[in-house]
Amino acid sequence: MHPHDQTIFALSSGRLPSAIAIVRLSGSHAGSALRLLAGRLPVPRTATRALLREGGGEAIDDAVVLWFPGPASATGEDVAELHVHGSRAVIAAVFSLLSTMPQMRPAEPGEFTRRAFENGKIDLTEAEGLDDLIHADTDRQRRQALQQLKGLLGDKARSWREQIIEAAALIEAGIDFADEGDVPAELMAPALSRIERLLAEIETVLTAQGRAERLRDGLTVVIAGPPNAGKSTLMNQLARREVAIVSPHAGTTRDVIEVQLDLQGYPVTVIDTAGIRETDDPVEQEGVRRARDRAAQADLVLWLSEDDRADRAEAERRTGVPVWLIRNKIDLPAPQARAAASVQSADRVFAISARTGAGLSELLEALIGFAGDFFGSTESGLITRERQRTLLEETAAALRQSIAAVDLGEELAAEELRIAALALGRLLGRVDIEDVLDVIFREFCIGK
Ligand code: GDP
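In this text the structure is predicted, and so the values were computed from the model without any measurement.

## Comments concerning the sheet that holds strand β1 (residues 7-11)
And step 1. The 6 strands are arranged β3-β4-β5-β2-β1-β6 in an open sheet whose pairing can be described as mixed. Strands with a single pairing partner mark the edges of an open sheet, and in this sheet they are β3 (48-53) and β6 (104-106). Sheet twist, expressed as the mean angle between neighbouring strand axes with direction ignored, is 30°.
And step 2. Taken together, the 6 bridges between β3 and strand β4 (residues 59-68) define a ladder with antiparallel strand orientation. Opposite R53, over in β4, you have A59 as the bridge partner.
And step 3. Contacting β1, β2 (18-26) and β6, helix α3 (residues 111-118) runs over the sheet at an angle of about 135° to β1.

Written as structure tokens, this is what we have:
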């Protein structure tokens, strides 16, 4: 049986218990299931109150139901929504009833979106945007994801792909007509200028990015420094600030390994290397392992010290990551001045008191500035994932090859264009070379 012959259902709202829970069904049996539960099929796309019953018998819940007949639905299939009271018992009753229906099964993760994609409702970049939007923690992440979901990159990629296919069609038509000879210049010249224009456009998108795709993962800042410098105290200060979203990995009951900050929309994860320690607790081990992995990829090191020494910061610096020297405990009498040379080894110097909080706002301001420079202008960022960047780079490379190949032979140039179109096809999640043929037949009416 084709998997799509099966109708899927899932709890689409959050954790139970909740005021309202939404159960979504998608597939050809969504309508019959809804009719069975609600007693009738409501008017499409209209919220309708209904008493859900077990096969016309005992009432399960007083609900609001929605009916979206395909293909004008989120997945492109028939979709039903049950807005029920969000108790475990109600959901259990609804699920157990749905499970008894033929060709009905619980949905796999992401299966609704997958069906939407397979039915051509959304392209892959939009699916990625949807995923990002659901997981967005900060405002900037949300805006970027929404842009993606609206299909900004997808629309561009589709238009580029069409133009590449047209250029390939121009060249291939020339090859077909030329019979052994060269493709006439009046066919090659427009194709070539079109490719050059496209390449410039794609290159602009690739370079004008900053590191927008990193906005999903956020910026990683590591706090390092000698024992007792005040690293844990600083971490706990940060965790207590309003800007902290969560502090998921607690090392000991007192210490936080990782704090996630929302710095004016920029997601910033701060990791305390002192919290990275050997432990027998498997849950803690996992947290430590993750923190260690992330610390190894730090984008910035805060070297905490009681004085102006940044000697060991040199070691961190070798990795090419910027190091800021944070002189802590300024509430205490200053220790003896150290050699000024060591201060110079840091990119920036701050003075704080992790205990009193003095100097912390300046440090946070500087972090916001750093994050802003790091992510670049994310408002205009079209690329949000490594996958997208790689495929766009492949596209650009193939276009460059194609331009270079023009002198070597039209077939080679056309072949490179096909590779470029393929990369964009993969970006969108659809790959079919048939398109090249379609364009040839449609646009040129070759008549053979
Ligand atoms: P870590 O080993 O780097 O994590 O250092 P801790 O955060 O455990 O701090 C070591 C000691 O220094 C603790 O007794 C803290 O209370 C103290 N401490 C940390 N920051 C400050 C500060 O800004 N001022 C003062 N006076 N003491 C601090």
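## What about the pattern of salt bridges?
And step 1. Per the counting criterion, the structure on display carries 16 salt bridges.
And step 2. The shortest N-O distance in the salt bridge between R194 and E166 comes to 2.7 Å. Of the two residues, R194 is situated in helix α7 (residues 185-207) and E166 in helix α6 (residues 152-178); the sequence distance between them amounts to 28 residues.
And step 3. Among the ionic pairs, E415 bridges to R418, the shortest N-O distance being 2.5 Å.

## As for the nonpolar core
And step 1. The biggest cluster of nonpolar side chains holds 36 residues, and the ones touching the most others in it are I164, L392, L399 and L417.
And step 2. Sorting the residues of this core by element identifies α6, α7, α13 (386-405) and α14 (410-428) as the ones contributing at least two each.
And step 3. Ignoring any residue separated from it by four or fewer positions in sequence, one finds L417 in contact with I164, A167, A168, I171, I195, L399 and S402.
And step 4. V268, W324, L364 and F370 belong to the second largest nonpolar core, which has 32 residues in total.

## Things to note about the environment of D299
And step 1. The topology assignment puts D299 in the loop between α9 (282-296) and β11 (300-305).
And step 2. D299 sits in the buried class, given a relative accessible area of 11%.
And step 3. In this structure, the C-alpha to C-alpha distance between D299 and V321, residues 22 residues apart in sequence, is 6.0 Å.
And step 4. Beyond its immediate stretch of four places on either side in the chain, D299 contacts R214, G218, L219, T220, V321, P322, F370 and F374.

## What to know about the site of the ligand
And step 1. Within the structure, the ligand sits among 16 residues, and N228, K231, S232, T233 and D331 are positioned closest to it.
And step 2. At 2.6 Å from an oxygen atom of the ligand is found a side-chain nitrogen or oxygen belonging to T233.
And step 3. Between the ligand and the protein, one listed contact pairs an oxygen atom with a side-chain N or O atom of K329 at 2.9 Å.
And step 4. Within the complex, 80% of the 570 Å² of free accessible area of the ligand lies under protein.
And step 5. For the shell around the ligand, the residue count by class is 5 nonpolar, 6 polar and 5 charged.

## Section: helix α12 (residues 360-375)
And step 1. In this model, α12 (16 residues) spans 22 Å end to end at C-alpha, consistent with the 22 Å of a helix rising 1.5 Å per residue.
And step 2. Following α12 by one or two positions, G376 has its phi on the positive side, about 70°.

## Quick notes on the environment of K156
And step 1. Mapped onto the elements of the fold, K156 is located in helix α6.
And step 2. The class of K156 is partly exposed, set by a relative accessible area of 33%.
And step 3. For the pair K156 and I202, spaced 46 residues apart in the sequence, the C-alpha separation amounts to 9.3 Å.
And step 4. K156 has contacts with E201 and L382, leaving out every residue within four places of it along the chain.

Quick notes on the rules
- Residues numbered from 1 in each chain as written.
- Predicted model: local features only at pLDDT ≥ 70, side-chain atom pairs only at ≥ 80, totals over all residues.
- Heavy atoms only, no water.
- Pairing = 2+ DSSP bridges.
- Helix = DSSP H or I, 4+ residues; strand = E, 2+ residues; numbered from the N terminus.
- Axes fitted to C-alpha atoms, helices over the stretch in contact; angles between N-to-C directions.
- Contact = heavy atoms within 4.5 Å.
- Salt bridge = Lys/Arg side-chain N within 4 Å of Asp/Glu carboxyl O.
- Core = buried A, V, L, I, M, F, W, Y, C linked by side-chain atoms within 4.5 Å.
- Buried < 20%, exposed > 50% of the residue type's maximum accessible area, 1.4 Å probe, protein only.
- Near = heavy atom within 4 Å.
- Polar contact = N/O pair within 3.5 Å; in protein donor to acceptor, adjacent residues only side chain to side chain.
- Areas by Shrake-Rupley, 256 points an atom, 1.4 Å probe, with all protein chains shown as cover.
- Nonpolar A, V, L, I, M, F, W, Y, C, P; charged D, E, K, R; others polar.
- Expected span 1.5 Å × (residues − 1).

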